[in-house]
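Residue-level listing of the chains:
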Amino acid sequence: MHTIFHLLANSLVAALLGFFFDFRLGILIFFVLLGVLIDVDHILYFIVKYRAWGIKKWLSISAMLRKKMQAKFYVFHSPEFNALVAAGSLYKSIFLLVLLSNIIHISLDIADHYRYHKNFSGLKKWSVFYSLNPAD
């Protein structure tokens, strides 16, 4: 999903959170930014997998992968990372905001993936365990 859709979705939820829970503006802006910052893991993947440094290379790789909606191991999208965030949310409310933001972001990514492939099979590549399996 394109960045603008992530910003719009998180902005809408932030507006609802602000209305119903009276969150401070700084918290709401942080929540909206989290909806985009989760994609830092794409850059980490490009650096590790392709040894790519620099915005031009990252954009080129991103465009190549996006053409066929190829799912790769993106650590902040992984169920394992989000399980840790969920566990953290039991202790600190900031983790709950991160989790909600990640759920919104990942839901949009899943919808986009499904729209292209008509299945969810590639999403298993987001898992740490799948990525560590040498057979794949």
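Whatever comes next refers back to the structure up there.
Residues numbered from 1 in each chain as written. Predicted model: local features only at pLDDT ≥ 70, side-chain atom pairs only at ≥ 80, totals over all residues. Heavy atoms only, no water.

Engineer: Any chance you could explain the nonpolar core here in plain terms?
Structural biologist: Looking at soluble globular proteins, one finds that nonpolar side chains tend to be buried together. Judged by nonpolar contacts, the single largest core of 13 residues is most densely connected at Y45, F46, W58, I61, L65, Y74 and W126. Going through the elements one at a time, α3 (40–50) and α4 (55–67) are the ones with two or more residues in this core. Here F46 is in contact with R51, A52, W58, I61, S62, L65 and Y74, once residues within four sequence places are set aside. Grouped together as the second largest cluster of nonpolar side chains are seven residues, A14, F31, V32 and L97 included. (Core = buried A, V, L, I, M, F, W, Y, C linked by side-chain atoms within 4.5 Å. Buried < 20%, exposed > 50% of the residue type's maximum accessible area, 1.4 Å probe, protein only. Helix = DSSP H or I, 4+ residues; strand = E, 2+ residues; numbered from the N terminus. Contact = heavy atoms within 4.5 Å.)

Engineer: Mind showing me how you'd approach helix α2 (residues 25–37) here?
Structural biologist: For an α-helix, 3.6 residues make a turn, and residues three or four places apart therefore share a direction. Here α2 is 13 residues long and its end C-alpha atoms lie 18 Å apart, about the 18 Å a rise of 1.5 Å per residue gives. Burial in α2 covers these residues: L28, F31, V32, L34 and G35. For α2, the arc enclosing every buried residue in end-on projection is 150 degrees, short of the 170-degree limit, so these residues lie on one face. If you follow the buried residues of α2, they end up packed against α1 (3–21) and α6 (93–117). (Expected span 1.5 Å × (residues − 1). Arc of directions from axis to C-beta.)

Engineer: How do you make sense of the environment of L65 when you look at a structure like this?
Structural biologist: Mapped onto the elements of the fold, L65 is located in helix α4. In this structure, L65 is in contact with Y45, F46, Y50, Q70, K72 and Y74, ignoring residues within four places of it in sequence.

Engineer: Teacher, can you tell me more about the packing of α1 against α2 here?
Structural biologist: Each pair of packed helices can be summarised by the angle the axes make with each other and by the distance between the axes. Across the interface, α1 lies against α2 with an axial gap of 8 Å and an inter-helix angle of 150 degrees. Taken together, the axis directions place α1 and α2 in an arrangement best described as roughly antiparallel. At the point where α1 passes α2, the crossing takes the right-handed sense. Touching T3, H6, L7, N10, S11, V13, A14, L17 and G18 of α1 are L28, F31, V32, L34, G35 and V36, all from α2. (Axes fitted to C-alpha atoms, helices over the stretch in contact; angles between N-to-C directions. Parallel < 35°, antiparallel > 145°, perpendicular 65-115°, else oblique. Left-handed = near helix turned anticlockwise from the far one by under 90°.)

Engineer: Help me understand the packing of aromatic side chains, please; the structure alone is not making it clear to me.
Structural biologist: The description of an aromatic ring pair uses the distance of the two centres, along with the angle that the planes make with each other. Within the structure shown, the criterion is met by seven aromatic pairs. Here the aromatic rings of F19 and F20 are separated by 5.0 Å at their centres, their planes lie at 85 degrees, and the arrangement is edge-to-face. In terms of burial, F19 and F20 fall into one category: exposed. Ring pairs connect the aromatic residues Y45, F46, Y50 and Y74, which therefore count as one cluster. (Phe/Tyr/Trp six-rings, centres within 6.5 Å; stacked < 30°, edge-to-face > 60°.)

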